[in-house]
Amino acid sequence: MIKIAQLSCGTEYSSVQYEIEKAARSVGAKVVYPDVSAADINAAVERFGFRPRSPQLKLMIARAIQLADGLYDADAVFITTCFRCAEGALVRNELRRFIQENTRLPVVTYSFTERLKASQLLTRMEALVTIVSRKELLAREKQSGITVGLDSGSSTTKAVVMVDNEIVGKDWTPSGDVIQSATYVLENALAEAGIKLSEVEAMGTTGYGRYSLGKHFKAKLVQEELTVNSKGAVWLADRQHGEATIIDIGGMDNKAITVRDGVPDNFTMGGICAGASGRFLEMTSKRLKIEVTELGELADRGDWRNAKMNSYCSVFGIQDLVTSLGDGKSFEDVAAAACHSVAEQVYEQQLQEIDVRHPIIQVGGTSLISGLVTAVGEVLGEKPIVPPNSQYIGAVGGALLSSGFM
Amino acid sequence: MKVFIDPPNSLVLFDLVERFGHEPLSSMAAIQERIDKLEIDMPPMNVTIDDVIKGLKYAGIEVPSGVRGRLALWGPLIDEAEAAIIMDDAPFAFGCVGCERTQSMVKYLLKRRGIPVLHVEYPDTDDEAKNFVIQAKEFLEGLK
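Calculation criteria
- Residues numbered from 1 in each chain as written.
- Chains lettered and ligands numbered in written order.
- Predicted model: local features only at pLDDT ≥ 70, side-chain atom pairs only at ≥ 80, totals over all residues.
- Heavy atoms only, no water.
- Disulfide = S-S within 2.5 Å.
- Pairing = 2+ DSSP bridges.
- Helix = DSSP H or I, 4+ residues; strand = E, 2+ residues; numbered from the N terminus.
- Contact = heavy atoms within 4.5 Å.
- Axes fitted to C-alpha atoms, helices over the stretch in contact; angles between N-to-C directions.
- Parallel < 35°, antiparallel > 145°, perpendicular 65-115°, else oblique.
- Nonpolar A, V, L, I, M, F, W, Y, C, P; charged D, E, K, R; others polar.
- Buried < 20%, exposed > 50% of the residue type's maximum accessible area, 1.4 Å probe, protein only.
- Lys, Arg positive; Asp, Glu negative; His and termini not counted.
- Salt bridge = Lys/Arg side-chain N within 4 Å of Asp/Glu carboxyl O.
- Polar contact = N/O pair within 3.5 Å; in protein donor to acceptor, adjacent residues only side chain to side chain.

Novice: Can you tell me about the state of the cysteines, naming the residues and giving the values?
Specialist: Going through the model one piece at a time under the given rule, you end up with zero disulfides over all chains. Sulfur of A:C9: no disulfide; nearest cysteine sulfur belongs to A:C82 and is 6.0 Å away.

Novice: Lay out the sheet that holds strand β6 (residues 156–163) of chain A in plain terms, naming residues and giving numbers.
Specialist: Residues and elements named next belong to chain A. Spatially, β7-β6-β5-β8-β9 is the arrangement adopted by the five strands of the open sheet, whose pairing is mixed. Single-partner strands in this sheet number two, and they are β7 (166–174) and β9 (221–222). In this fold helix α9 (residues 225–237) packs onto β6, β7 and β8 (202–207), with an angle of close to 110° to the strand it touches most, β8.

Novice: Report on the sheet that holds strand β4 (residues 117–121) of chain B, specifying residues and quantitative values.
Specialist: All names here are of chain B. One open sheet holds the four strands; their spatial order is β2-β1-β3-β4, and the pairing between them is parallel. The two strands at the open ends of the sheet, each matched to only one other strand, are β2 (23–25) and β4. In this sheet, adjacent strand axes meet at a mean angle of 25° when their direction is disregarded. Two elements, strand β1 (residues 2–6) and strand β3 (residues 83–88), share four bridges in a ladder whose sense is parallel. Looking at the pairing, D6 lines up with I86 of β3. Set on the sheet, helix α1 (residues 11–19) makes contact with β1, β2 and β3; between it and β1 the angle comes to about 160°. With respect to the sheet, helix α6 (residues 126–142) is in contact with β1, β3 and β4, its orientation differing from that of β4 by roughly 175°.

Novice: Go over the packing of helix α11 (residues 292–300) of chain A against helix α14 (residues 370–380) of chain A, please, and point to the residues and values.
Specialist: Residues and elements named next belong to chain A. Where α11 contacts α14, the axes come no closer than 6 Å and their chain directions differ by 50°. When the axis of α11 is compared with that of α14, the two are oblique. Across the interface between the two elements, G296, E297, A299 and D300 from α11 touch S370, G371 and T374 from α14. Its residues placed into classes, the contact of α11 with α14 shows one nonpolar, four polar and two charged.

Novice: Got a sec to walk through the side chain of A:R63? Specific residues and values, please.
Specialist: Residue and element names in this part refer to chain A. Mapped onto the elements, R63 comes out in helix α3 (residues 55–68). No salt bridge is formed by the buried R63. Its closest oppositely charged neighbour is E12, at 6.0 Å. Of note is the side chain of R63, whose polar atom sits 3.1 Å from the backbone oxygen of P34. Here R63 is in contact with Q6, L7, Y33, P34 and V36, once residues within four sequence places are set aside.

Honestly, it's all geometry; don't read function into it.
Structure below.
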């Protein structure tokens, strides 16, 4: 059984410990707590260098040191503290960095409220387990045979057909009914490839509808999108070796993943605020009465500095947009401000919880909005790589990885 | 050498570092740089929202803005420091950063840098004060 070491403060008193353990159990893992002697805690804190006032944070540090020194055996690390605790947030991030510098264990961090439910942690826990238990599969760099990847996302559903490491068919559609949308894109992708469904040797499903699709199509691989998207991104960008950061600004949530040789070792998933997602850009396009596909080019012609838009919420963001338009700002400037606002929020909300590694690969449907890519580049000080077919990362990852089951 | 002092606004530490031939990295310099600007956007210290966002380099979004704003001032000084003198448990009047969380983070960031650091205790007696100056003198002379 995969052992996930929990380094935490406040979970027992926030009524969430049971939910954490439930999430781990549901993906076949077990939460463990590195043993620490009371006598070692002060020395551990001294060695770490950050001296929190809260004793439970001191215990977290001591537990991390047990892992770093190889004195406690675990396969992955889950670091979590209460939302809005300054001291907790500082320790959480620095411990994440410490674990990454001193071990090869995959890490995920999370700040919780009393509303935390196991389902919110499921994808994160599943990704940790996949990274540990499917190392050989994740090391796969080439697709072989005839395989299909289906990505059932919150906004769009994508299908890709691959034959011997090449994409030969693809299609996408806005997500509706999970099975119907997937069937539609699958048929179109197969038609483009000139391949019959009966000839497909393996299929991989990912995204929110992965379980339903996996059952319906009898997929050989049903996998969360963090690891699948990472594989798809590095394959498409031809960056299978070395380090990279993958940024996927999705319709409902955003992912920032650091990879080493194509395998994720740290990731964050955000989805609390629509103002920092592709959904906000859809809303902006609707208000500007243009297609979302036109937004990027429009934004590239504008200057975000000319229109105020820095709300953390999509509702207030649209209010800012309406105000800017009312003040006579140009559509170009407003479009640029919307893209900049999303990029800035992704930076502020999410990229603080990982150490950005270079190059930066931007993927997902929103990576086709050139103004957003420009904005991400401005905020991060480095132009991201957008590989061809960047919106198909999940489907490509599914097709690539499922070929390992043939 | 560039020596970061902690508390970063301690005039005593500033004077000692300068007296022994080094460049003190202090709040005074960081704030002076801001208030000397022709335009003051955010009085009294001209710490703007851009500074607070820059503080994200040192602490995540969930960390309160006051901590990030402070770290935006002192973080870059810590980044360029070649040595540091830290007075542990200094009383309010000796100088302070005004925030315990920032204080902890400043000490942690200095440790992460791996530069020579002298920890001194706040002196309560004349003898302790003399000893403190001797310790600082030896440390600073050793840096040359």
